[in-house]
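Examination of the molecular architecture
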Amino acid sequence: MLQTTFIRENRELLLSRLGKRNWQATDLLVIDQIIELDDQRKALQTAHEGLLASRNQLSDEIGQLFKAGQREKAEGLRQEVNELKEKATVLETELKDTLEKLQYALYTVPNMPHESVPAGSTDEDNEVFKDWSGPLPDLGEGAVPHWELAKKYNLFDLELGVKITGAGFPVYRGKGAKLQRALISFFLDEATAAGYEEIIPPHLVNEATATATGQLPDKEGQMYYVAADDLYLIPTAEVPVTNVYRDVILNEEDFPIKMTAYTPCFRREAGSYGAHVRGLNRVHQFDKVEIVQIQHPDRSYDTLYEMLDHVERVLQKLELPYRILRLCGGDLGFTSALTYDFEVYSAAQQRWLEVSSVSNFETFQANRLKLRYRDGKQTQLAHTLNGSALALARIFAALVENNQQPDGIAIPKVLHSYTGFQQID
RNA sequence: GGAGAGAUGCUCGAGUGGUUGAAGAGGCACGCCUGGAAAGCGUGUAUGCGCCAAAAGCGUAUCGAGGGUUCGAAUCCCUUUCUCUCCGCCA
């Protein structure tokens, strides 16, 4: 959520930047509505608090009079205060109403895209920020996609998942399960070696938490919801991990805060079916290691690129062909100011699969989180960032596809100490 | 799940209707003292919002959360959340 003061002070810039998200003139009206509502709010608040101040002052006087034994005088003041209170109640109702409208309007405004965000409306307009320079793997005859490899080598079973739960809930087995666990450990070790504190957060979160990182309101359809306890299954570790710092005031020397977490991620992904979602390409539950940073506003973009480097190094160690995209305005998430996606090449499917998304949210989440730092005498909102390092199901898919050989699947060297085997056969 | 107790500032902890944004202690910061340090002494130490060009300042709200009683609530009432203790259940 953008700050009202920011919107007031940067109206023109905001209007033009929201154009990158393909906002039309009619969409932009909400910005002026917000400023208007905020004007109203200020006027009402000033008037309301003026009445409260009088009330408090008179109440003090009444107290003094009672002590002095001047009951009659006190009774007179009482009448006066009661009249003030009636007026105050009217203003209070109006104020609450205005605040509610303002809040509602603010919730509809997405983050302001960074100046480097390319124009565009769909994922086809994303800019290739760093392309894969080497040759793409050519598996030749007989290469099969990962879902067939899964059957051949007993790596995972989607039909079994259907029996146990439903579509999109893979059951990993045998060396497939071991490989999955190896990848998780490897990713976590890479992150902690880079200075991230490992966190094991809850996998269910309450409404306040989901609101602070921007999943609520509006996107409840994307999360699994446990009605009996009013809790949501996390769609990403970003949600609980970023909320570690909800309602916190940091000192400047606390920056940067670096946290990493492995969690399963649950996404309803309603309405996505078809050939491109076969196998592990899109599932309702997948494993992911997330990296999160909280940084000083002046340094958050350096941090964003540092996080890109981290993801890049991990992919290099896994020896997977990858490219980096800079998301266009139309594809940019609601809460993000700038996002880079990583895609790995899936040689058997001959297509790129998104395996990581690294974003700077600037103050958008921090505003809702009330995550601030002390800047001299005042407090300022911090910047939050996060990225996948990495999302597992698709890494798993690309890994087994690209490394398939006639007699088995070769495990990348870096994972040998984690898997305990060098090949799946 | 049943019974009881509790929730106050960075921490501990006092406070049952009237300068209580909140005693006291600890911590922390700064200053004095010291050759240096400790001890000691002094000062300071919440956040949001509004008024103000801005600072200073002033106002207002906040003692788990929400609502109520009252001229006035940390203090009284209701609802709710959470924590602790005992019992039950249990990986």
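Residues numbered from 1 in each chain as written. Chains lettered and ligands numbered in written order. Predicted model: local features only at pLDDT ≥ 70, side-chain atom pairs only at ≥ 80, totals over all residues. Heavy atoms only, no water.

1. Description of the packing of helix 3 (residues 25-68) against helix 4 (residues 71-107)
Inclusion rule: A fitted line through C-alpha atoms represents every axis, and for helices the fit uses only the stretch in contact; the resulting angles, taken between N-to-C directions, go from 0 to 180 degrees. Helix and strand labels come from DSSP, where a helix needs a run of H or I of at least four residues and a strand needs a run of E of at least two; each type is numbered from the N terminus. Relative orientations are named as follows: roughly parallel for angles under 35 degrees, roughly antiparallel for angles over 145 degrees, roughly perpendicular for angles from 65 to 115 degrees, and oblique for any other angle. In a left-handed crossing the near helix is turned counterclockwise from the far helix by less than a right angle, and in a right-handed crossing that turn is clockwise. Charged residues are taken to be Asp, Glu, Lys and Arg, nonpolar residues to be Ala, Val, Leu, Ile, Met, Phe, Trp, Tyr, Cys and Pro, and polar residues to be all remaining types, Gly included.
Helix 4 packs onto helix 3 with a crossing angle of 160° between their chain directions and a minimal axis gap of 8 Å. Relative to helix 4, helix 3 is oriented roughly antiparallel. Classified by chirality, the crossing of helix 4 by helix 3 is left-handed. Within the contact of helix 3 with helix 4, the residues separate by chemical class into 21 nonpolar, five polar and 13 charged.

2. A closer look at the protein's contact with RNA strand B
Applied cut-off: One heavy atom within 4 Å of a molecule or strand makes the whole residue count as near it. Contacts described as polar in this section are N or O atom pairs within 3.5 Å, which, within protein, must combine one atom able to donate a hydrogen with one able to accept it, while residues neighboring in sequence count only if both atoms come from side chains.
Around RNA strand B sit 23 residues in total, of which Arg-41, Gln-45, Glu-49, Arg-374 and Thr-379 are the nearest. When atoms of RNA strand B within 4 Å of the protein are sorted by moiety, sugar and phosphate together comprise 77%. Measuring from a sugar or linking oxygen of RNA strand B, one finds a side-chain N or O atom of Gln-45 at 2.6 Å. Breaking the surface near RNA strand B down by element, the ones donating at least two residues are helix 3, helix 4 and strand 14 (372-375). Sorting elements by how many residues they give to the surface near RNA strand B places helix 3 first, with 13 residues. Each residue belonging to the surface near RNA strand B can be placed in one class, and the counts come to six nonpolar, seven polar and 10 charged.

3. A look at the pairing of strand 16 (residues 383-391)
Basically, it comes down to this: Throughout, exposure labels follow a simple rule: accessible area from a 1.4 Å probe, protein chains only, divided by the maximum for the residue type, with under 20% read as buried, over 50% as exposed, and the rest as partly exposed. Two strands pair if DSSP finds at least two bridges between them.
Judged by how many residues are buried, strand 16 sits mostly within the fold: nine of nine residues are covered. Pairing of strand 10 (residues 285-295) with strand 16, which is carried by seven bridges, proceeds in the antiparallel orientation. By the bridge assignment, Gln-293 is partnered in strand 16 with Leu-385. When strand 13 (residues 351-362) meets strand 16, the two strands line up antiparallel, connected through four bridges. Its bridge partner being in strand 16, Glu-362 is matched across the sheet by Thr-384.

4. Some words on the pattern of salt bridges
Going by this rule: When a carboxyl oxygen of Asp or Glu lies within 4 Å of a side-chain nitrogen of Lys or Arg, that pair is called a salt bridge.
Considering all chains together, one arrives at 13 salt bridges under this definition. Among the salt bridges present, the one from Asp-39 reaches Arg-8, with a minimum N-O distance of 2.4 Å. In this pair, Asp-39 sits in helix 3 while Arg-8 sits in helix 1 (residues 4-9), placing the two residues 31 residues apart along the sequence. Since its relative accessible area comes to 37%, Asp-39 is described here as partly exposed. With a shortest N-O distance of 3.0 Å, Glu-190 and Lys-317 are connected by a salt bridge. Taken together, the residues span a long stretch of sequence, with Glu-190 in helix 7 (residues 174-193) and Lys-317 in helix 10 (residues 300-317) at a distance of 127 residues. Residue classification places Glu-190 among the buried residues on the basis of a relative accessible area of 15%. Through salt bridges with shared partners, a single network forms among Arg-8, Asp-38, Asp-39 and Arg-41.

5. Focus on the packing of aromatic side chains
The criterion, for reference: Working definition: a ring pair exists when centres of Phe, Tyr or Trp rings (six-membered ring for Trp) sit within 6.5 Å. Plane angles under 30 degrees give stacked, over 60 give edge-to-face, the rest tilted. Distance and angle both matter: a charge sits over a ring if NZ of Lys or CZ of Arg is within 6 Å of the ring centre and within 35 degrees of the ring normal.
Following the criterion strictly, the structure yields 14 aromatic pairs and no others. With a centroid separation of 5.3 Å and 75° between ring planes, the pair formed by Phe-255 and Tyr-373 is classed as edge-to-face. Remark: Tyr-373 occurs in strand 14 and Phe-255 occurs in the loop between strand 8 (249-250) and strand 9 (257-266); sequence separation between them is 118 residues. Since its relative accessible area comes to 9%, Phe-255 is described here as buried. Look at Tyr-373 and you get buried, because its relative accessible area is 4%. With 6.3 Å between their ring centres and 35° between their planes, Tyr-322 and Phe-342 make a pair best called tilted. One end of the pair, Tyr-322, is in strand 11 (residues 322-326); the other, Phe-342, is in strand 12 (residues 338-346), with 20 residues separating them in the sequence. Across this residue pair, the class does not change: Tyr-322 and Phe-342 are buried. An aromatic cluster is built from Phe-129, Tyr-305 and Tyr-340, whose rings are joined through pairwise contacts. Over the aromatic face of Phe-421 sits the side chain of Lys-175, whose NZ or CZ is 4.7 Å from the ring centroid.

6. Some remarks on helix 4
So the rule is basically this: Expected helix span is taken as 1.5 Å per residue step, with the number of steps being one fewer than the number of residues. Contacts between residues were defined by any pair of non-hydrogen atoms, one from each residue, lying within 4.5 Å.
Taking 1.5 Å per residue, 37 residues should reach 54 Å; helix 4 reaches 52 Å between its end C-alpha atoms and fits that length. Taken together, the buried positions of helix 4 are occupied by Ala-74, Leu-77, Val-81, Leu-84, Ala-88, Leu-91, Leu-95, Thr-98, Leu-102, Ala-105 and Leu-106. Elements that come into contact with the buried residues of helix 4 comprise helix 1 and helix 3.

7. Examining the domain arrangement of chain A
Quick reminder of the rule: Domain ranges listed in this record stem from an automatic or a database domain assignment. Buried area: the accessible area, evaluated with a 1.4 Å probe, that two parts lose upon being put together, summed over both parts.
Under the domain assignment, chain A is made up of domain 1 (4-107) and domain 2 (123-424). If you average the C-alpha positions of domain 1 and of domain 2, the two centres end up 43 Å apart. Each side of the interface is counted separately: domain 1 has four residues, and domain 2 has nine residues. Counting each side, the surface lost to burial between domain 1 and domain 2 is near 520 Å², with a carbon and sulfur contribution of 48%. On the domain 1 side of the contact with domain 2, Lys-20, Arg-21 and Tyr-107 bury the most area, a combined 91% of that side's loss.

8. Examining the nonpolar core
What counts here: Within this scheme, the nonpolar core is defined by two criteria: the residues are buried Ala, Val, Leu, Ile, Met, Phe, Trp, Tyr or Cys, and they are joined through side-chain atoms within 4.5 Å.
In this structure, Leu-183, Phe-187 and Ile-395 are the most contacted members of the largest nonpolar core, which totals 59 residues. With near-sequence residues (within four places) excluded, Ile-395 lies in contact with Leu-183, Phe-187, Leu-315, Leu-318, Leu-320, Val-344, Val-355 and Leu-390. Grouped together as the second largest cluster of nonpolar side chains are 19 residues, Met-1, Ile-7, Leu-18 and Phe-364 included.

9. Side note on the side chain of Asn-367
By secondary structure assignment, the location of Asn-367 is in helix 11 (residues 364-369). Setting aside its immediate chain neighbours within four residues, Asn-367 contacts Met-1, Leu-2, Gln-3 and Leu-381.

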